[in-house]
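Each chain is listed here by its residues.
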Amino acid sequence: MPFAAHGDIIATYHRSYLILTGDWHVSFHYLSPSLFFTICQIVQALFLVLCNHLLPLRDLLYWKDSVLASAAFWLNIFIRNQYAHRALFLFKLPYLIFDLATAVVLFYLFERKEERTIALKFWMINPIGIFAVYVFGRYETIPIFLVVLSLYCAKTNKRFFSFLLLGMVAMEQYYGLMFLPVYLAILGRNFRERLSFLIVGSIVVIRDLVVGSSVVVGRTFLESPFFNYLLAMRLDVTGQQIYVFVLTYVLLTLYWIHTCGKEFSDLWKFALAALLVFYATCSFHPNYFAWFTPFLAIAIAKYPELRKLHLLQVLCFVFYTFYWKRPLAGWLFASVDPSFFLKLLSPAELIDFFYPSSTIISVFRTILSGISLYMVLILARSREGR
Amino acid sequence: MRRRILAMIISATISLGIVFNINVYVEDIVQDHSEKPIEGIYGTRSVGQIFVAHEDGLSGIAVFFATYGRVNTESMIFKLRSGAELETDIVSLVINARSIRDNQYYGFFFDEIRDSKGKIYYFFLQSPNSTEGNAISAWYSSADVYGEGSAYVGHKPIAGDLCFKTYCRRALSDVLKNLYPRILSDKVFFGTYFSSITVIVLLLVRYMTSRRSH
């Protein structure tokens, strides 16, 4: 935990530090507060209050004129600081707390002891989650906790809170919006209820409307890289574009709603299927791959045939990370020995000496898509068979 | 159960020993500026570069090649020289130009030169059987972007440098040597961290042992 991190963790903690000191308003008054006041960054800022006496926060987290990740700061200043390892450990501690909280909620999602044990074991040792959170250093456990809690609220019939939590997830990571249609179809009892839940669940849209219509510089859903990832795979039809993700997502949603059984399992199965379609048809950052792990934990407990498929997914994912070359290879461990890891060749560079690495990586990327779509098929068939 | 735990500890120790003895390639010199390919490498026209190794364990040199978008068929000789007059061949490799891809690095790897640090080396490429129209070239920069040597054509220095990288081999155990002083620089944290890890592992072992005996 204290030996690895990507520059992203420093960037998000930098923004949290700006919240803590109030510098966000002084130095970045032209930026929208929505860039700073996200749930994860607020949680991190609160945690920094506790770390104030344990770490030289200004030396570790402050640079001028940018709120984004600075590779130069990460590799030349942060990792060479005497307290870098201590900082990395403490910065990941809130993620561990949310990780454990997610395990507790997952525990209560199951009635059968055997299923519960399998799901918890999977949750604890899943390499994707460990990589995304404790090696890469992203705050994914926080939105994941909210998603799982939302699922628990849906199960215990606290429907308003379920949508509220889903809305909070969408505020943090837009993928929360993907689940909304089926949540509404299953949990809403009439039009009025569905409308009110829709407003709560899509509160991020209201935020975006405010940001989009104001003079400050912000980033709405349509301007976010996530939106571009969704539309990355497209078919050209005499100059018109058909977006593959949108097409498959609409198909999936309509199928789920059309065959809706109003069962709790329909919620998590749809969430898992939607994310699998996303991984199959969109470009995504490696940390995004952690999003589906809680749903997969539930699925694997119930459908053991998914285990082997997931193992194959993990193997393909390892190759997928090669796309990012050194920042996702040796640089992750740069704090251990900068002189060694900054110069260490990435797997892609080594492959390049013999064969174009992009081809090899793309083959594994394609296999990953194939496996993900096959898993969607298994989930869809499991609904037909009940 | 105790035997199993003992076996696990022994196998973990052996695995760590093996892992830390693995040698990996680490970049040493990176000269990645280039604006055009140097002349074609054919006949008596060789192309090379002088450089000074910064690390021990020199074991590879990669050159950024141009194939002019065609398949070139003749063999290519790579030689590395050292010594006072740079006339002693210490590495000689032959490859076919077919295996070189356009606008990509090609790596020439050889046995590790253990005491390479601070020494001057000269590598060059020649292809006596190639002809104009069936020859590859290497990218270079006409500006003197690499201060510790220069490019050579026909064993004569020219202004500018080839686009090249050098690699040395380092054992993963080197990382431990460098991590040690870092650990000492924050004793309070690492003391707490390693003791906590030990306690957690011991509690886990105890839990597993008691569960098995039940």
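Here the structure is a predicted model, which means the values were calculated and not measured.

Participant: What should I look at first to understand the overall build of chain B in this one?
Facilitator: The secondary structure content of chain B amounts to three helices and 13 strands. On C-alpha atoms alone, chain B measures out to a radius of gyration of 25 Å, which is more than a quarter above the 17 Å that the 2.2 N^0.38 rule sets for 214 residues. Along the three orthogonal principal directions, the C-alpha set of chain B runs to about 80 × 35 × 30 Å. By residue count, 29% of the 214 residues in chain B fall in the buried class. In chain B, once contacts between residues fewer than 6 apart in sequence are set aside, the share between residues at least 24 apart is 80%.

Participant: Explain the packing of helix H15 (residues 244-258) of chain A against helix H16 (residues 264-281) of chain A here, please?
Facilitator: Pairs of packed helices are described in terms of their axes, by the angle between the two and the distance that separates them. All names here are of chain A. Here H15 crosses H16 at 165°, and the two axes come no closer than 9 Å. With respect to their mutual orientation, H15 and H16 come out roughly antiparallel. Of the two elements, H15 crosses H16, and the hand of that crossing is right-handed. Side by side, H15 and H16 meet where Val-244, Phe-245, Thr-248, Tyr-249, Leu-252 and Trp-256 of the first sit next to Asp-266, Phe-270, Ala-273, Ala-274, Val-277, Phe-278 and Thr-281 of the second. Taken together, the residues of the contact of H15 with H16 sort by class into 10 nonpolar, two polar and one charged.

Participant: It is not clear to me how the packing of helix H11 (residues 180-187) of chain A against H16(A) should be interpreted in this structure. Could you clarify?
Facilitator: Residue and element names in this part refer to chain A. Orientation of H11 relative to H16, taken along the N-to-C sense of each, is 170°, at an axis distance of 10 Å. Judged by the inter-axis angle, H11 sits roughly antiparallel to H16. Across the interface between the two elements, Val-182, Tyr-183 and Ile-186 from H11 touch Asp-266, Leu-267 and Phe-270 from H16. Of the residues contributing to the contact of H11 with H16, the split by class is five nonpolar, no polar and one charged.

Participant: Which parts of the structure should I look at to understand the nonpolar core?
Facilitator: What tends to happen in soluble globular proteins is that the nonpolar side chains get buried as a cluster. If you look at the biggest cluster of nonpolar residues, it comprises 154 residues, and the most contacted ones within it are Leu272(A), Ala274(A), Leu275(A) and Ala138(B). Here this core takes 13 residues from H16(A), the largest share from any one element.

Participant: Got a minute to help me understand the environment of Val104(A) in this structure?
Facilitator: Its location among the elements puts Val104(A) in helix H6 (residues 84-109). Linking Val104(A) and Tyr13(A), residues 91 residues apart in sequence, is a C-alpha distance of 26 Å.

Participant: Looking at this structure, I do not really get the sheet that holds strand S5 (residues 75-82) of chain B. What am I missing?
Facilitator: Where strands meet in a sheet, backbone hydrogen bonds hold them as pairs that are either parallel or antiparallel. Residue and element names in this part refer to chain B. Spatial strand order, S6-S5-S8-S3-S10-S11: six strands in an open sheet with antiparallel pairing. Of all the strands in the sheet, the pair left with one neighbour each is strand S6 (88-96) and strand S11 (156-157). The pairing of strand S3 (residues 47-52) with strand S10 (residues 151-153) spans three bridges and is classified as antiparallel. When the bridges of S10 are listed, Gly-48 appears paired with Tyr-152.

Participant: Quick question: what am I supposed to make of the domain arrangement of chain B here?
Facilitator: How big an interface is tends to be reported as the loss of accessible area on association of its parts. Each assigned domain of chain B is listed here: domain 1 (2-21 + 173-213) and domain 2 (23-170). Between the C-alpha centres of domain 1 of chain B and domain 2 of chain B the distance comes to 44 Å.

Participant: Could you clarify how one ought to interpret the interface of chain A and chain B in this entry?
Facilitator: Contact with chain A, which involves 15 residues of that partner, is made by 16 residues of chain B. Broken down by secondary-structure element, the contributors of at least two residues to the side of chain A that touches chain B are H6 and helix H19 (338-341) of chain A. Looking at the side of chain A that touches chain B, the element that brings in the most residues is H6(A), giving three residues. Its residues assigned to classes, the side of chain A that touches chain B shows eight nonpolar, three polar and four charged.

Participant: Teacher, can you tell me more about the environment of Leu35(A) here?
Facilitator: Residues and elements named next belong to chain A. Tracing the backbone shows Leu-35 in the loop between helix H2 (23-27) and helix H3 (39-51). Look at Leu-35 and you get partly exposed, because 18 C-beta atoms sit within 10 Å. Sequence separation between Leu-35 and Phe-322 is 287 residues, and the spatial gap between their C-alpha atoms is 29 Å.

Participant: Please explain H11(A) as it appears in this structure.
Facilitator: Every α-helix winds through 3.6 residues per turn, so residues three or four apart in the chain are directed the same way. If you check which residues of H11(A) are buried, you get Pro181(A), Val182(A), Tyr183(A) and Leu187(A). Each element contacted by the buried residues of H11(A) is listed here: helix H9 (141-155), helix H10 (159-172), helix H12 (191-201), H15 and H16 of chain A.

Participant: What exactly am I supposed to notice about the pairing of strand S13 (residues 164-171) of chain B here?
Facilitator: Taken residue by residue, a regular strand's side chains alternate between the two faces of the sheet. All names here are of chain B. One ladder, built from seven bridges, connects strand S1 (residues 23-31) with S13; its direction is antiparallel. Counted as the bridge partner of Gln-31 is Phe-164 from S13. Two elements, strand S4 (residues 58-66) and S13, share five bridges in a ladder whose sense is antiparallel. Paired with Ile-61 across the bridge in S13 is Thr-166.

Participant: Mind showing me how you'd approach the confidence of the model for chain B here?
Facilitator: Do not read the fine detail of predicted coordinates wherever pLDDT is low. Put simply, chain B has an average pLDDT of 88, and 98% of its residues get 70 or more. Our summary of model confidence lists the complex with pTM equal to 0.87 and ipTM equal to 0.80.

Participant: Looking at this structure, I do not really get unusual backbone geometry. What am I missing?
Facilitator: Most peptide bonds take the trans configuration, and most residues that are not glycine carry a negative phi. Residue and element names in this part refer to chain A. For Asn-157, which is not glycine, the phi dihedral falls at a positive 65°. Its place among the elements puts Asn-157 in the loop between H9 and H10. You can call Asn-157 exposed: it has 10 C-beta atoms within 10 Å. Positive phi values are uncommon outside glycine, yet Lys-325 reaches one of about 50°. By the element assignment, Lys-325 lies in the loop between helix H18 (306-320) and H19.

Cut-offs and rules
Residues numbered from 1 in each chain as written. Chains lettered and ligands numbered in written order. Predicted model: local features only at pLDDT ≥ 70, side-chain atom pairs only at ≥ 80, totals over all residues. Helix = DSSP H or I, 4+ residues; strand = E, 2+ residues; numbered from the N terminus. Rg over C-alpha atoms; globule rule 2.2 N^0.38 Å. Buried ≥ 20, exposed ≤ 12 C-beta atoms within 10 Å, placed from the backbone. Contact = placed C-beta atoms within 7 Å. Axes fitted to C-alpha atoms, helices over the stretch in contact; angles between N-to-C directions. Parallel < 35°, antiparallel > 145°, perpendicular 65-115°, else oblique. Left-handed = near helix turned anticlockwise from the far one by under 90°. Nonpolar A, V, L, I, M, F, W, Y, C, P; charged D, E, K, R; others polar. Core = buried A, V, L, I, M, F, W, Y, C linked by C-beta atoms within 7 Å. Pairing = 2+ DSSP bridges. Domains from an automatic or database assignment. pLDDT = per-residue confidence, 0-100.

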